[in-house]
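Observations on chain architecture
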Amino acid sequence: MPEQVSTTAVVLTVNGETHTESLPANMLLSEYLRDHLHLTGTHVGCDTSQCGACTVLVDGLSVKSCTVLAVSLDESRIETVEGLAGPDGLHPLQAAFRARHALQCGFCTPGVLMTAAGLLRESPRPSPTEIRAGLDGILCRCTGYENIVAAVGEAAAAIGEAM
Amino acid sequence: MSMTPFRYARPMALRDALADLTEHPEARVLAGGMSLLPLMKMDLAAPERLIDLGRVQELQGITETPDGIRIGAMTRHFELASDEVVGRCAPIVAQAAAHVGDPQVRHRGTIGGSLAHADPAADLPAAMLAADAVIEAASADGSRMIPAADFFVGPLVTELRPGEMLVAVRIPMLQGRRQHYEKVPHPASGYAVVGVAISLAVAGGVVQEARIGVTGVAGHAYRAHAAERALEGEGLNPGVIAKASSLAAEGEEILGDAVYASAEYRRHLLQVTLSRALQRVS
Ligand SMILES: Cc1cc2nc3c(=O)[nH]c(=O)nc-3n(C[C@H](O)[C@H](O)[C@H](O)COP(=O)(O)OP(=O)(O)OC[C@H]3O[C@@H](n4cnc5c(N)ncnc54)[C@H](O)[C@@H]3O)c2cc1C
Ligand code: FES
Ligand code: FES
């Protein structure tokens, strides 16, 4: 059945760069980022929408990239952990994660950073309770979360001061 | 995990989506994908064709109508949870939506997908029952209105017919009603072990009309009619709350499983949860 391998035309902007693509419909966003663009900063842990390691931002909103079809996102803006640091160095979240030891093995970290980046856009000065609720969709098997919550709070304060 | 290939359509208009569904009875519609894509990845579903509803204009948006609100099927959970109109006219719907999954799931999942999927432990069905919602369904032949009380018929089974799509949900104006959604989430999955949505019209300290939607404990979400009747005409005092709560499972077959919640446990938890919800609004 030749139709089954047919592809769909999409335009995706990833970390500010526009890609005009023809993709198979069954390609997940995580597969597109990792296997097609070789942006392997986005990690795939559970691959069943449970752990959040694969989280990226789509039009500013956190999304688990293992559970979205790339072709569904035509004309969307996608941000991955590779795009987080700016020309002046680490993003305040990354700097706070380093200072606060908010990572150990680092496997969950790209997804946690992007989830937190989305949270801070929706809610620039979240309370610890709001940070915990905002990170509900990620799992970290190393840190016990305390340092992650502290780092997100610290990054929010740093971003607030810089503005 | 790679998925079995499928054909893919992304119509821009409702008419085209409905025509596609009529022409391809084997197709499934794709909304937020938060239930369908995991099933496809695990090979528990392998549709030959997906009709992506993401760009269908008519399925978007929340509008105020003379007697309530109309919520397009593709409205995402996070929009329901934060929308000003929903928060004012139907706070129970916003509250239940905020309990769905986690932020990432709420950014993609939709009200239409949640109701059409009809997971017996989903949150929004309970809110729809308490809100007296009406489901607007359409096929290539026309559209019809299905009261929420008739919509959920079994685990993952609804009143929707082949070729039919959920287009919107209509909620009557609930402003002024006492409303609350009380949920006991499963600690791992986050789905409701028990969820109770209540909406009460109270005047002069007396309950005029009660609506109670229950999820998580039976094969599908249901209205607790016996408990509703026990409240109507009464004041919200401890005796009445205890009586109504004891009737929450009346006439229903309560599910049990050996792994984490027996039927007896669920029945008890349901009684406690309804009682807490009623205390919250009394
Ligand atoms: C990690 C995780 C946690 C979750 N936790 C919860 C929770 O706590 N509570 C809860 O209630 N839910 C939970 N969900 C499910 C979530 O609410 C989904 O959004 C919802 O069940 C399906 O909505 P969707 O838009 O993603 O639909 P899809 O997955 O796209 O579709 C689901 C089904 O509905 C059909 N369908 C979709 N739209 C329509 C339509 N307009 N007309 C007719 N048929 C349609 C599809 O064909 C498919 O069969 C969770 C999901 C995940 C991944
Ligand atoms: S890899 Fe996507 S949620 Fe775990
Ligand atoms: S740092 Fe190891 S999983 Fe989070």
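Residue indices begin from 1 for each chain and proceed along its sequence in written order. As they are written, the chains are lettered A onward and the ligands numbered 1 onward, keeping that order. This being a predicted model, a pLDDT of at least 70 is required before a residue's local features are given, and a value of 80 or more before pairs of side-chain atoms are given or counted; all residues contribute to the totals for chains, interfaces and linings. The side-chain values count all of the structure's non-hydrogen atoms but skip hydrogen atoms and water molecules.

**Quick word on the domain arrangement of chain A**
All names here are of chain A. Basically, it comes down to this: Boundary definitions for the domains trace back to an automatic or database domain assignment. Contact between two residues is taken to exist if any of their heavy atoms lie within 4.5 Å; hydrogens are not considered. Buried area counts how much accessible surface, traced with a 1.4 Å probe, disappears from two parts once they are put together, with both parts' losses summed. Here a polar contact is taken to be a pair of N or O atoms separated by no more than 3.5 Å, where protein atoms must pair a possible hydrogen donor with a possible acceptor and residues adjacent in sequence count only if both atoms sit in side chains. Under the DSSP-based scheme used, a helix requires at least four consecutive residues in state H or I and a strand at least two consecutive residues in state E, with every element numbered from the N terminus. Gly is placed with the polar residues, together with every amino acid not listed as nonpolar (Ala, Val, Leu, Ile, Met, Phe, Trp, Tyr, Cys and Pro) or charged (Asp, Glu, Lys and Arg).
Assigned domains within chain A: domain 1 (7–83) and domain 2 (92–162). In this structure, domain 1 and domain 2 have C-alpha centres spaced 21 Å apart. Across the boundary between the two partners, domain 1 contributes 18 residues, which contact 15 residues of domain 2. In this assembly, domain 1 packs against domain 2 so that about 1,200 Å² is buried in total across both faces, 61% of it on carbon and sulfur atoms. In terms of surface lost to domain 2, no three residues of domain 1 exceed H43, L57 and V81, which account for 35% of the buried area on that side. Counting every contact that joins domain 1 to domain 2 gives four residue pairs in polar contact (both at pLDDT 80 or more). Of all the elements in the fold, those that place two or more residues in the side of domain 1 that touches domain 2 are β3 (55–58) and β4 (61–64). In terms of residue class, the side of domain 1 that touches domain 2 is built from seven nonpolar, nine polar and two charged.

**A look at the interface of chain A and chain B**
For clarity, the threshold we go by: Criterion for a salt bridge: a side-chain nitrogen of Lys or Arg within 4 Å of a carboxyl oxygen of Asp or Glu.
Taken residue by residue, the interface counts 36 residues in chain A and 26 residues in chain B. Taken together, both faces of the contact between chain A and chain B bury some 2,500 Å²; the carbon and sulfur share is 54%. Linking chain A with chain B are four salt bridges. Of the charged contacts, one joins K64 of chain A and D102 of chain B as a salt bridge, the two residues approaching to 2.7 Å between their closest N and O atoms. Where chain A touches chain B, the interface holds 13 residue pairs in polar contact (both at pLDDT 80 or more). The set of elements that each furnish at least two residues to the side of chain A that touches chain B consists of β1 (7–14), β4, α3 (109–122) and α4 (128–134) of chain A. No other element matches β4 of chain A, which puts four residues into the side of chain A that touches chain B. Class assignment of the residues belonging to the side of chain A that touches chain B gives a composition of 15 nonpolar, 13 polar and eight charged.

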